[in-house]
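In case you want the letters, here they are:
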Amino acid sequence: MANYQNSDALNNLTLGKTTAYVAQYTPDLLQGVPRSLNRNDLALDQNNLPFQGEDLWYGYELSWLNSKGKPVVAVAEFRFPCSSENIIESKSFKLYLNSFNQTRFDSRENVQKALVEDLSRVAKAEVEVALFNVDNCPPLAIAPIDAVCIDDEDISVDHYDFDPKLLEQAQQHGSDEVKQQALVSHLLKSNCLITNQPDWASIFIEYRGREISHAALLRYLISFRQHNEFHEQCVERIFCDLKQYCQLDSLTVYARYTRRGGLDINPYRSTSDKSAPKIRTLRQ
């Protein structure tokens, strides 16, 4: 397990600490965590990343007051480029969104503008924000998953500690034929780096290359069960491990995490320059 616990960037976070809820707009509540904490451990060069992608967040508890004091609610979509210097610490994000609750804004556009400016400042990159009515949010429509689920593999598991070497067998039992496959597992579980609370996700993996053993891949994903890292870090680790241990021409890794505190985080990393696909399960 990567060791970030002595980092000042983590020790100063509000996550895991008792905090007061603020109901008046307070952008300074937002806290950033350097992506380099994880990427240094993976020996990644921030200026020459092996992937493209974004972190796609949805906020389900966004509300503010209009100019007459009447509450307004919306579902928010946030897109953070994976090239940003910082990720947004999730508890600070929730506290920040709560600070809109008793604040008057003249228009929805002004709310959106404030969100873009504040999040871009902390992430140190251009963030995209879209606001949707709660009864009309097309990106969150549940659709059939066009991928092979590997969860029914009949495997035995006797330890739950992260072990990337489980992927050493990922292609030993596969054929030499180059294949294009889309796979999904709903068994990914990791733990929050700070609070140790469980994080649950469905993970989608699409690749082109020598066939990957579904059983070996599933054992590897299950090995995250007691692993402590943020969502974004887990996905980048999975991407890098698959690139290291498997002979792949192209790779996409996309995790749809369940929400906590009115937010879900969905990191998308790919060798292509496409945006995250519209995928949502019943658990989101």
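Refer to the preceding data block for the structure.
These notes cover the structure that comes with them. (Residues numbered from 1 in each chain as written. Predicted model: local features only at pLDDT ≥ 70, side-chain atom pairs only at ≥ 80, totals over all residues. Heavy atoms only, no water.)

### A short note on the nonpolar core
One broad trend across soluble globular proteins is that nonpolar side chains are buried collectively.
Piece 1. With 37 residues, the main nonpolar core has Leu217, Ile238, Leu242 and Val253 as its most contacted residues.
Piece 2. Ranked by residue count, the leading element in this core is helix α5 (residues 214-222), at seven residues.
Piece 3. Once residues lying within four places of it in the same chain are set aside, the contact partners of valine 253 are Ile203, Phe204, Ile205, Val235, Ile238, Phe239, Leu242, Pro267, Tyr268 and Arg269.
Piece 4. The next biggest cluster of nonpolar side chains, apart from the first, holds 27 residues, and it includes Leu29, Leu95, Leu119 and Ile265. (Core = buried A, V, L, I, M, F, W, Y, C linked by side-chain atoms within 4.5 Å. Buried < 20%, exposed > 50% of the residue type's maximum accessible area, 1.4 Å probe, protein only. Helix = DSSP H or I, 4+ residues; strand = E, 2+ residues; numbered from the N terminus. Contact = heavy atoms within 4.5 Å.)

### Quick notes on the sheet that holds strand β3 (residues 71-81)
Piece 1. Taken in spatial order, the eight strands line up as β5-β3-β2-β10-β9-β8-β7-β6 in an open sheet, and their pairing is mixed. Each edge of the open sheet carries a strand with a single partner, namely β5 (128-132) and β6 (148-149).
Piece 2. When strand β2 (residues 52-65) meets strand β10 (residues 263-270), the two strands line up antiparallel, connected through eight bridges. Bridge assignment links glutamine 52 to a residue of β10, and that residue is serine 270.
Piece 3. In the packing of helix α3 (residues 90-98) onto the sheet, contacts are made with β2, β3 and β10, and the angle to β10 comes to roughly 130 degrees.
Piece 4. Helix-sheet contacts for α5 involve β6, β7 (178-191) and β8 (198-210), and the interaxial angle to β7 is about 25 degrees. (Pairing = 2+ DSSP bridges. Axes fitted to C-alpha atoms, helices over the stretch in contact; angles between N-to-C directions.)

### Focus: the environment of glutamine 226
Piece 1. With respect to the helices and strands, glutamine 226 occurs in the loop between α5 and α6 (231-245).
Piece 2. Assessed through its relative accessible area of 47%, glutamine 226 is described here as partly exposed.
Piece 3. Placed 181 residues apart in sequence, glutamine 226 and aspartate 45 show a C-alpha to C-alpha distance of 27 Å.
Piece 4. Once residues within four sequence positions are removed from consideration, glutamine 226 is found in contact with Tyr160, Asp161 and Asn191.

### Comments concerning α5
Piece 1. Counting buried residues along α5, eight of its nine residues qualify, which places the element largely inside the surrounding structure.
Piece 2. Where α5 is concerned, the buried positions are His214, Ala215, Ala216, Leu217, Leu218, Tyr220, Leu221 and Ile222.
Piece 3. The elements touched by buried residues of α5 are β6, β7, β8 and α6.

### Side note on α6
Piece 1. Helix length check: α6, at 15 residues, gives a terminal C-alpha distance of 21 Å against a target of 21 Å (1.5 Å per residue), a fit within 8%.
Piece 2. By the criterion of burial, α6 is predominantly enclosed, with 12 of the 15 residues buried.
Piece 3. All buried positions along α6 are accounted for by His231, Glu232, Gln233, Cys234, Val235, Glu236, Arg237, Ile238, Phe239, Cys240, Asp241 and Leu242. (Expected span 1.5 Å × (residues − 1).)

### A look at the packing of α5 against α6
Piece 1. At a closest axis distance of 12 Å, the pairing of α5 and α6 adopts a crossing angle of 145 degrees. Regarding α5 and α6, the two cross each other, and that crossing is right-handed. Note on element contacts: α6 touches α5 through Arg237, Ile238, Asp241 and Leu242, opposite Leu217, Tyr220 and Leu221.
Piece 2. Taken together, the residues of the contact of α5 with α6 sort by class into five nonpolar, no polar and two charged. (Left-handed = near helix turned anticlockwise from the far one by under 90°. Nonpolar A, V, L, I, M, F, W, Y, C, P; charged D, E, K, R; others polar.)

### Quick notes on unusual backbone geometry
Among all residues except glycine, the phi angle is most often negative; among peptide bonds, the trans geometry is most common.
Piece 1. Here the phi dihedral of alanine 43 falls at roughly 60 degrees; this positive angle occurs in a residue that is not glycine.
Piece 2. Mapped onto the secondary structure, alanine 43 falls in the loop between α2 (36-41) and β2.
Piece 3. Its identity as a non-glycine residue notwithstanding, asparagine 196 has a phi of 70 degrees, on the positive side.
Piece 4. Along the chain, asparagine 196 falls in the loop between β7 and β8.

### A few points about the pairing of β10
Piece 1. Counting buried positions over the eight residues of β10 gives eight, a clear majority of the element.
Piece 2. Here β10 shows a buried face lined by Leu263, Ile265, Pro267 and Arg269 and a second buried face lined by Asp264, Asn266, Tyr268 and Ser270.
Piece 3. Bridging between strand β9 (residues 248-257) and β10 involves three bridges; their strand directions are antiparallel. Residue pairing across strands places threonine 252 opposite serine 270, the latter belonging to β10.

### Digging into the state of the cysteines
Piece 1. A complete count under the given rule lists zero disulfides for this structure.
Piece 2. The structure places no disulfide on cysteine 240, whose sulfur is separated from the nearest cysteine sulfur, that of cysteine 82, by 11 Å.
Piece 3. Here cysteine 246 stays unpaired: no disulfide links it, and the sulfur of cysteine 240, its closest cysteine neighbor, is 13 Å away.
Piece 4. The class for cysteine 246 is buried, based on a relative accessible area of 4%. (Disulfide = S-S within 2.5 Å.)

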